[in-house]
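Next come the chains, spelled out residue by residue.
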Amino acid sequence: MEMMTISQVSKNLGISTRMLRYYEQAGMIQSLRREGYAYRIYDETAVSRIRQILLLRKLRIPVRQIKLILENPDAVIAVEIFRQNMSELDEEITALSTIREILGHFVEELSKTTALPLHSIIPQDDTILASIESLGLVSINFKEEQTMDKLKKADENLSKISDVRIIYLPPAAIAAAHHIGEDPEMHANMLIDNFVSEQKLHRIKPDLRRFGFNHPNPTDASGFHGYEAWVTVPENAEVPAPLVKKQFAGGLYAAHMIAFGNFNEWDAFLDWIMKNERYEFAGDLQDQEHMCGLLEEHLNYVTHMEQCDTSLEELQLDLLMPVRLKADGR
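Definitions and cut-offs
- Residues numbered from 1 in each chain as written.
- Predicted model: local features only at pLDDT ≥ 70, side-chain atom pairs only at ≥ 80, totals over all residues.
- Heavy atoms only, no water.
- Helix = DSSP H or I, 4+ residues; strand = E, 2+ residues; numbered from the N terminus.
- Contact = heavy atoms within 4.5 Å.
- Areas by Shrake-Rupley, 256 points an atom, 1.4 Å probe, with all protein chains shown as cover.
- Polar contact = N/O pair within 3.5 Å; in protein donor to acceptor, adjacent residues only side chain to side chain.
- Axes fitted to C-alpha atoms, helices over the stretch in contact; angles between N-to-C directions.
- Parallel < 35°, antiparallel > 145°, perpendicular 65-115°, else oblique.
- Left-handed = near helix turned anticlockwise from the far one by under 90°.
- Phe/Tyr/Trp six-rings, centres within 6.5 Å; stacked < 30°, edge-to-face > 60°.
- Buried < 20%, exposed > 50% of the residue type's maximum accessible area, 1.4 Å probe, protein only.
- Arc of directions from axis to C-beta.
- Salt bridge = Lys/Arg side-chain N within 4 Å of Asp/Glu carboxyl O.

Peer 1: Help me out: how do you make sense of the overall build of the protein in this one?
Peer 2: In terms of regular secondary structure, the protein is built from 11 helices and 11 strands. Look at the contacts in the protein between residues 6 or more apart in sequence, and 69% of them connect residues 24 or more apart. For the protein, the exposed area adds up to about 19,000 Å²; of that, 53% sits on carbon and sulfur atoms.

Peer 1: Is there a simple way to explain the side chain of Thr-232 in this structure?
Peer 2: Structurally, Thr-232 can be placed in strand β6 (residues 226-233). There is a polar contact of 2.8 Å between the side chain of Thr-232 and the backbone nitrogen of Arg-209. When near neighbours in sequence (up to four residues on either side) are disregarded, Thr-232 contacts Ala-172, Ala-173, Ile-174, Leu-201, Lys-205, Asp-207, Leu-208, Arg-209 and Phe-211.

Peer 1: When you look at the packing of helix α3 (residues 44-58) against helix α4 (residues 63-71) in this model, what are you seeing that I'm missing?
Peer 2: Packed helices, taken two at a time, are described by the angle between their axes plus the distance between the axes. Running from N to C, α3 and α4 cross one another at 135 degrees; their axes reach a closest spacing of 10 Å. As judged from the angle between their axes, α3 and α4 are oblique. With respect to the hand of their crossing, α3 and α4 are arranged in right-handed fashion. Residues Arg-49, Gln-52, Ile-53, Leu-56 and Arg-57 of α3 form the contact with α4, whose participating residues are Val-63, Ile-66, Ile-69 and Leu-70.

Peer 1: Help me out: how do you make sense of the packing of aromatic side chains in this one?
Peer 2: The description of an aromatic ring pair uses the distance of the two centres, along with the angle that the planes make with each other. Inspection of every chain in the model, using the stated rule, returns eight aromatic pairs. Ring geometry for Phe-213 against Trp-230: centres 5.3 Å apart, planes inclined by 80 degrees, an arrangement best described as edge-to-face. Taken together, the positions of Phe-213 in strand β5 (residues 210-214) and Trp-230 in strand β6 put the pair 17 residues apart, joining distant regions of the chain. Like Trp-230, Phe-213 is buried. Where Trp-230 meets Phe-248, the ring centres are 5.4 Å apart and the plane angle is 55 degrees; that geometry is what we call tilted.

Peer 1: Help me understand unusual backbone geometry, please; the structure alone is not making it clear to me.
Peer 2: Residues other than glycine predominantly adopt negative phi, and peptide bonds predominantly adopt the trans conformation. A cis geometry characterises the amide bond from His-215 onward to Pro-216, with omega recorded as 0 degrees. Here Pro-216 lies in the loop between β5 and β6. Of the consecutive residues Ala-241 and Pro-242, the connecting peptide bond is found in the cis state with omega at 10 degrees. Position of Pro-242 among the secondary structure elements: in the loop between β6 and β7 (244-248). Phi at Met-291 is positive, roughly 55 degrees, even though this residue is not glycine. Here Met-291 shows up in the loop between β9 (279-281) and β10 (295-298).

Peer 1: Help me out: how do you make sense of the side chain of His-256 in this one?
Peer 2: Take His-256: it is sitting in strand β8 (residues 251-259). Relative accessible area serves as the criterion here: at 3%, His-256 is assigned to the buried category. Polar side-chain contacts of His-256 include one of 2.7 Å to the side chain of Asp-163. Sequence-distant contacts of His-256, that is, excluding residues within four places in its chain, are made with Ile-161, Asp-163, Arg-165, Glu-265, Phe-269, Leu-317, Asp-318 and Leu-319.

Peer 1: Looking at this model, I keep getting lost on helix α1 (residues 6-13). Mind explaining?
Peer 2: An α-helical turn contains 3.6 residues, so a residue and the one three or four places further along point in the same direction. Every buried residue of α1 is accounted for by Ile-6, Val-9, Ser-10 and Leu-13. Around the axis of α1, the buried residues are gathered within 100 degrees of arc, so they sit on the same side. Residues Lys-11 and Asn-12 are exposed on α1 and point more than 90 degrees away from its buried face. For α1, the secondary structure elements touched by its buried residues are β1 (4-5), α2 (17-25), β2 (41-42) and α3. Looking one or two residues beyond α1, the residue adopting positive phi is Gly-14, at roughly 70 degrees.

Peer 1: Help me out: how do you make sense of the pattern of salt bridges in this one?
Peer 2: Oppositely charged side chains can form a pair if their charged atoms are brought close together. Applying the stated criterion across every chain, the model contains eight salt bridges. Residue Asp-318 is joined to Arg-165 by a salt bridge in which the shortest nitrogen-to-oxygen separation is 2.6 Å. Placement of Asp-318 in strand β11 (residues 316-325) and of Arg-165 in strand β3 (residues 165-169) is noted, with a sequence separation of 153 residues between them. When its relative accessible area of 2% is taken as the criterion, Asp-318 is described as buried. Two residues, Lys-205 and Asp-207, come together in a salt bridge whose shortest N-O distance is 3.3 Å. Since its relative accessible area comes to 17%, Lys-205 is described here as buried. What makes Asp-207 exposed here is its relative accessible area of 53%.

Don't take any of this as a statement about function, it's just geometry.
Dropping the structure here:
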């Protein structure tokens, strides 16, 4: 039976190693370990399963539903899920058609004279008002990394960042864990979680915050990289090795929340700052060693530790980007 390494699967199927690890943590695929070999390997069954996942994701089937389909060989489950998604698409298509008709009406009316203000059109037509008010918010959003260039372009067009918050992160003492190699996120996060649990830090400091970032960023298709995990600690706290106590300078950040796994939204987030008229990026795009100053914050971490919750589906993160007001900002 032919085996493939994680880097080979990543390159051949066009999916990042990080997403492969996410699918494995979610229990959707399983890798193997070969004696004397440090990296994950996948057999034909696992590679076939990954292809199925990617196919269903291209059809916009959510991860939780894909997991149900894969876990239940009975076609009844798949049929029910597909019908549900078809129904949702029908509703979306109807809404989009309604929007197109209304916009067409506006174009027709506004084209009659350049002096006709928009507010004079909308109140005059009760039917249009009723149609607009009946519409739900239309959201066409691919939430995970895609394997086709066409889908990537569609994601860029349809997944616009519109929920950015500007926040201030105060300076803080932190305990930091760093690992380079296979599964660096798992190793670094485990060190921090164990430290928090042993010290009961989430009870001593219920306002603690939990951050992480690539250190360094992956530089090639192998996805080989490092990860550094942080947790804020009291100023007088002692931090045992191999953890290191550091000082976080804090500062102004743009924040965008994602569900765990939707790391592809980093691209749209960076695009947002490049086009923003008020703020500009305050990190260093050349500093790949420290992920350019970007951070990922584990939200509701205290509850996670109290409940010993390991579910990834409910995990939310803030993508954090250092920013500053432009010189002519107002």
